[in-house]
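# Descriptive structure summary
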Amino acid sequence: AYKFKQEGKKVLVAAGDTFRAAAEEQLNIWSVRAGADIVRRDKADPASVVYEAIQKAKNENYDVILVDTAGRLQNKFNLMEELSKIKTVIDKQAPDALRESILVIDANTRQNGLQQAKVFSQAVNLTSVALTKLDGSSKGAIIIAIAREMKLPVKLVGVGEKMEDLKPFIPDDFIDAIFE
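Calculation notes
- Residues numbered from 1 in each chain as written.
- Predicted model: local features only at pLDDT ≥ 70, side-chain atom pairs only at ≥ 80, totals over all residues.
- Heavy atoms only, no water.
- Helix = DSSP H or I, 4+ residues; strand = E, 2+ residues; numbered from the N terminus.
- Buried < 20%, exposed > 50% of the residue type's maximum accessible area, 1.4 Å probe, protein only.
- Contact = heavy atoms within 4.5 Å.
- Areas by Shrake-Rupley, 256 points an atom, 1.4 Å probe, with all protein chains shown as cover.
- Lys, Arg positive; Asp, Glu negative; His and termini not counted.
- Charge placed at Lys NZ, Arg CZ, Asp CG, Glu CD.
- Pairing = 2+ DSSP bridges.
- Axes fitted to C-alpha atoms, helices over the stretch in contact; angles between N-to-C directions.
- Patch = residues over 30% accessible without salt bridge, like charges linked within 9 Å, V, L, I, M, F, W, Y side chains within 5 Å.
- Salt bridge = Lys/Arg side-chain N within 4 Å of Asp/Glu carboxyl O.

## Brief notes about the overall build of the chain
Tallying secondary structure elements over the chain gives seven helices and seven strands in all. The N-to-C order of helical and strand elements in the chain reads α-β-α-β-α-β-α-β-α-β-α-β-β-α. For the chain, the C-alpha atoms occupy an extent of roughly 50 × 35 × 35 Å along the three principal directions. Evaluated residue by residue, the chain yields a buried proportion of 39% over its 180 residues. Taking the contacts inside the chain whose residues are at least 6 apart along the sequence as the reference set, 68% of them involve residues at least 24 apart. Element-wise, carbon and sulfur atoms account for 52% of the exposed surface of the chain, whose accessible area totals about 10600 Å². Distance between charge centres in the chain, computed from 26 positive and 26 negative side chains, equals 3 Å.

## As for the sheet that holds strand S1 (residues 11-16)
The strand order S2-S1-S3 describes an open sheet built from three strands, whose pairing is parallel. The open sheet has two free edges, formed respectively by strand S2 (37-39) and strand S3 (64-69), since each of these has just one partner strand. Going across the sheet, the axis of each strand differs from the next one's by a mean of 25°, ignoring polarity. Against the sheet, helix H3 (residues 46-60) contacts S1, S2 and S3, and its axis sits at roughly 165° relative to S1.

## Here we look at a nonpolar patch on the surface
A cluster of nonpolar residues, Ile 144, Ile 175 and Phe 179, forms a patch on the protein surface that exposes about 310 Å² of accessible area. Examined against the element boundaries, Ile 144 turns out to sit in helix H6 (residues 142-150). Take Ile 144: its relative accessible area is 36%, and that puts it in the partly exposed class.

Put into structure tokens, the structure is as follows:
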């Protein structure tokens, strides 16, 4: 949201993580910091929040909608079904919109990350991957396996907790950091 606002875009955030306690409040704080608007309905069905956000975006001429969903394990069937339902709403309500489905992987994730990517790709047609928490001790090497096997580009890396710490992925910098 911060990056898009810096580009002069009108940004709307859909708080689709109605599962985790305080997730909507946390997202609201970050949306305000970034200067983005938010649609949130505490404890509501996530797909209905996304539907409402799409309608608001259409009616009020937003340039970008960012949909935050609950973090989930790929073996939680109901949560994966919820993700598919959100995708169905987007497909029906904004069929011609340019969209991305970014899988966010924690740099501390090991081989389970590849299985996550496979399952998520089946549910929502992933377009890219973001790797977070690279400011810690982890090198995030799982991202190489995911990118290679899934043929997914790595789009973003998180190197801290500030808005400015979400950066574009630069392969040479990443490789250099692995061998440091």
